[in-house]
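# Structural overview for review
The residues making up each chain are set out below.
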Amino acid sequence: MPIYKDFKKLFRNNRFQNTELTKYIIILGTAFFGVMLGFILVLVIGTNHNLVVLPAPKQATIFYDLNKKEFTRIFRENRLEVPLHKIPDFMKKAIINTEDNRFYEHSGIDLKAIARAFWVDIKGRGYIEGGSTITQQLARNVLLTQKKAFSRKIQEAFLAISIERNYTKDEILERYLNQIYFGHGSYGVEAASRFFFGKSVTELEPHQMALLAGLPKNPSGYSPHTHPEEALARRATVLDQMVKYGSVSPEEANLYKQKPLDVLPLTAGGRKAAYFVDYIIQSMKKILTEEEIYTGGYRIYTTLDPVVQEAAEEAAAMLDGGEPDSNGVIQPQLAIVAIDPRNGYIKAMIGGRDFANTQLNRSVAAYRQCGSAIKPFVYVAAIDSRLYTPGSILKDEEIIFPTPQGPWSPQNYDKQFRGDISLRQALEESVNIIAVKLVESLGPSKVIKYAKQMGLKNLVVSGEPNDLNFSSLALGGLTKGVTPLELTAAYSPLANQGVYVEPIAVLEVRDSNGNKIFEDHPRKKIALSENTAYLITDMLRGVIMRGTGRGAMIDRPVAGKTGTSSDYTNAWFVGYTPDLLASVWIGNDAQKLPAKINDNVIGSATAARIWGAFMRKALVQTPPSNFPVPSGIVSGVEICPNSGALATVYCPEINYETYLAGTEPTESCILHQPSASLPNDNPYTAPHFDPDPYSPEDGPEPENIERQPALNPSPSPQTGRRKRQIIVRICSESGMLSTDNCPQNQVMTEIFTEGEEPKEKCNVHQ
């Protein structure tokens, strides 16, 4: 660094232009510095006990995804330490030749360099050349400030001499190369190498190392991103210095000067998977302080799946629009959580629409009402009790309960009553009255028991108010509420053959030296019987195929449940395949305000649509698989949907139902008897469903129609042949049968009654 800053002002006065006067100034200056340096040497020699100990450098902590690839890092200073023996000799020579060629000869301060810098500054009449050694620069960066003052130069020299007495030259050079600032938030050669070139310093080419070596003098002024011409000129200066001191030949230097900058383009700022990383930081505070996490250079191996996280981010962007609240946070907000139900790995997490706008992680910190997403826990209790089956018939009707606040009469979301319906239909259509009746029949305590063992940890069972009531357990009006992560994990026994798996985000943590300091493994427990889990899953598949969750339909077996709290303050969809379990929540941070965009209320249909878009992309690399059927399941039982009993030839409709073994009906329907309305000469006597509804005269069966013999076949009054529901792939833009030309994001699966499906292929996408 230059010795004086004010020489330029000094020489503006013509009295100092005299050559003789210049000589006197040089002599006096040299004498002054000699006295000062002598004083420093005596002071150092007299204080042997006061050797300087350099503090450990602050290092960045790196986060790795499920594939053990780095996806982000956090830091106070973006630094990755690398031992000296791994740094290429060319890099070391470039730095030494440029910054301090006599590094291995001096003892911390270089008197020749100081005298030379003093003379150059005198001749140039300004602040031109510095005389600081590498050791002095290290002392300044680690122990002092960057303030330019004569007093700091004295401190710097003193500390440099003390450092040289306490550390070897190689130790000092290693500290220096890992400490110095290269610009754009990068400290040390390794972090700088990865930032500018996307690879380790051990992989750099000579012209790239020469570029790095030129940056510490003026990181912003020589930045190849903002000042490329200056960066090239500075690189040439470094190479000239290396030629001067014999580190490279002139021919090699000329070759390197012709190389391009080769730096990576600047990318948009922002931490990847920011809410997921924040969740880990908070959860790791049990073993590390936040300061240690930001400065300790830890290596954190996580469960994040980059494909699933990217799908979550794209799906979250589908919620467009909204208005800022009084805190400047755009409302409504959104959260997405995805878990592998087999091991509990959190594969993706979105805690809000924009981490830069709001750091509140709603995936884990927002306790909200879950609405009808609570109902699967009620149906689990009902089915597992073996008092009810999917085909059990209950009456959807007005009911009134006395309460201390007056009569309470629950309502369905559509304000209508359906009369006698099966439990399967009630769950598919999210009928509130049936859920309330089940809680009343089973008792709130029993439902609470199942919900807790499945993973709902924040149910309130004591004090006032509490959740031991119909409103909380049947309609999701919980006292405290649930977080998206908690509710998602509580569905894991349904997706995982009855086994609950605790969500985990961190698999392993290692310190900067590679020592393992933390390790985690899946924690599992049996929450349900495998048969009950399968049967509820089978019922929840109908929610998507025929019920309130149709927007979540994707081209593979999937089950799930919608949820909308009162006054549309929260919208949910929780669903799963055998491979992935995920939830979408939408709502305002102010819990009493309905979720709206452009005055349009947002309900669970929007959450289901976002969920479907997310799952399509998240599972793009995962082959479809079906839910395994356990041995204790009886399926394909023909029942009358009006009575729930075994169907007869006189029943106008027949459903194919599934049961826990031993709970299937044994008596035939008595609601439907022989009638004169059926012609005697054409009685409907076929006891079984025609496996192929397409006769030759119907023409060839369309290639994008899936036959579903278990989907509520019913007889045609004209022919007496039972019709079935079929799944058809259609183009959402044309409403016709999809073709290979239709965009994948516009191909949907829809359910039609046989004969009512579209027959023509899409004519929009050619």
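Counting restarts for each chain, with residues numbered from 1 along the sequence as it is written. Restriction of local features to residues with pLDDT of at least 70 applies here, the model being predicted, together with a cutoff of 80 or more for giving and counting side-chain atom pairs; totals for whole chains, interfaces and linings are based on all residues. Side-chain metrics in this entry use all non-hydrogen atoms of the structure; hydrogen atoms and water are not considered.

### Here we look at the packing of aromatic side chains
- Any two of the Phe, Tyr and Trp rings considered here, Trp counted by its six-membered ring, make a pair once their centres fall within 6.5 Å; the pair's planes then place it as stacked at under 30 degrees, edge-to-face at over 60, or tilted in between. Overall, the coordinates contain twelve aromatic pairs when judged by the stated rule.
- With centroids separated by 4.9 Å and ring planes inclined at 75 degrees, the aromatic side chains of Phe103 and Tyr104 adopt a geometry described as edge-to-face.
- Here Phe103 falls in the buried class, since its relative accessible area comes to 0%.
- Feature note: the residues Phe401, Trp408 and Phe470 constitute an aromatic cluster, connected by ring pairs.
- Any Lys NZ or Arg CZ found within 6 Å of a ring centre and within 35 degrees of that ring's normal is scored as a charge over the ring. Positioned above the aromatic ring of Tyr294 is the side chain of Arg76, whose terminal nitrogen or guanidinium carbon lies 4.4 Å from the ring centre. For every residue, the accessible area obtained with a 1.4 Å probe (protein chains only) is divided by the maximum for its type, and the residue is called buried under 20%, exposed over 50%, and partly exposed between those limits.

### Quick word on the environment of Leu528
- Only runs of H or I of at least four residues qualify as helices and only runs of E of at least two qualify as strands under DSSP, and these elements are numbered from the N terminus. With respect to the helices, strands and loops of the structure, Leu528 is situated in the loop between strand E16 (524-526) and helix H23 (530-545).
- Measuring from C-alpha to C-alpha, the distance between Leu528 and Val380 comes to 8.5 Å, with 148 residues separating the pair along the chain.
- Contact definition: two residues touch when any of their heavy atoms are within 4.5 Å. Beyond its immediate stretch of four places on either side in the chain, Leu528 contacts Val380, Tyr450, Gln453, Met454, Pro493, Leu494, Gly498 and Ala533.

### Some points on helix H19 (residues 444-454)
- Listed as buried for H19 are Val447, Ile448, Tyr450, Ala451 and Met454. Viewed along the axis of H19, the buried residues span an arc of 165 degrees, placing them on a single side of the element.
- Its buried side turned inward, H19 meets helix H16 (375-384), helix H18 (432-442), helix H20 (470-475), helix H21 (484-490), helix H22 (492-495) and strand E13 (499-501).
- Backbone geometry just after H19 places Gly455 at a positive phi near 130 degrees. The directions considered for the arc are those from the helix axis to the C-beta atoms.

### Some remarks on the packing of H16 against H19
- A fitted line through C-alpha atoms represents every axis, and for helices the fit uses only the stretch in contact; the resulting angles, taken between N-to-C directions, go from 0 to 180 degrees. As a packed pair, H16 and H19 sit with axes 9 Å apart at the nearest point and diverge in direction by 110 degrees. Judged by the inter-axis angle, H16 sits roughly perpendicular to H19. Along this stretch, H16 crosses H19, giving a crossing that reads as right-handed. Contacts between H16 and H19 involve Phe377, Val378, Val380, Ala381 and Asp384 from the first element and Val447, Tyr450, Ala451 and Met454 from the second.
- Classes in brief: Ala, Val, Leu, Ile, Met, Phe, Trp, Tyr, Cys and Pro nonpolar; Asp, Glu, Lys and Arg charged; the others, Gly included, polar. The class makeup of the residues in the contact of H16 with H19 is eight nonpolar, no polar and one charged. Reported orientations rely on four angle classes, namely roughly parallel under 35 degrees, roughly antiparallel over 145, roughly perpendicular from 65 to 115, and oblique for the rest. Definitions for this section: a left-handed crossing has its near helix turned counterclockwise from the far helix by less than a right angle. A right-handed crossing has that turn clockwise.

### Regarding the pattern of salt bridges
- The salt bridge criterion pairs a side-chain nitrogen of Lys or Arg with a carboxyl oxygen of Asp or Glu, the two atoms within 4 Å. For the coordinates displayed, the defined rule picks out 31 salt bridges.
- Measuring nitrogen to oxygen at the nearest pair gives 3.3 Å for the salt bridge that ties Arg342 to Asp579. On the criterion of sequence distance, the pair formed by Arg342 in the loop between strand E9 (333-339) and strand E10 (346-350) and Asp579 in the loop between strand E18 (570-576) and strand E19 (581-587) is long-range, its members being 237 residues apart.
- Taking the relative accessible area as the measure of exposure, Asp579 reaches 13% and is therefore buried.
- With a closest N to O distance of 2.7 Å, Asp538 and Arg424 form a salt bridge.

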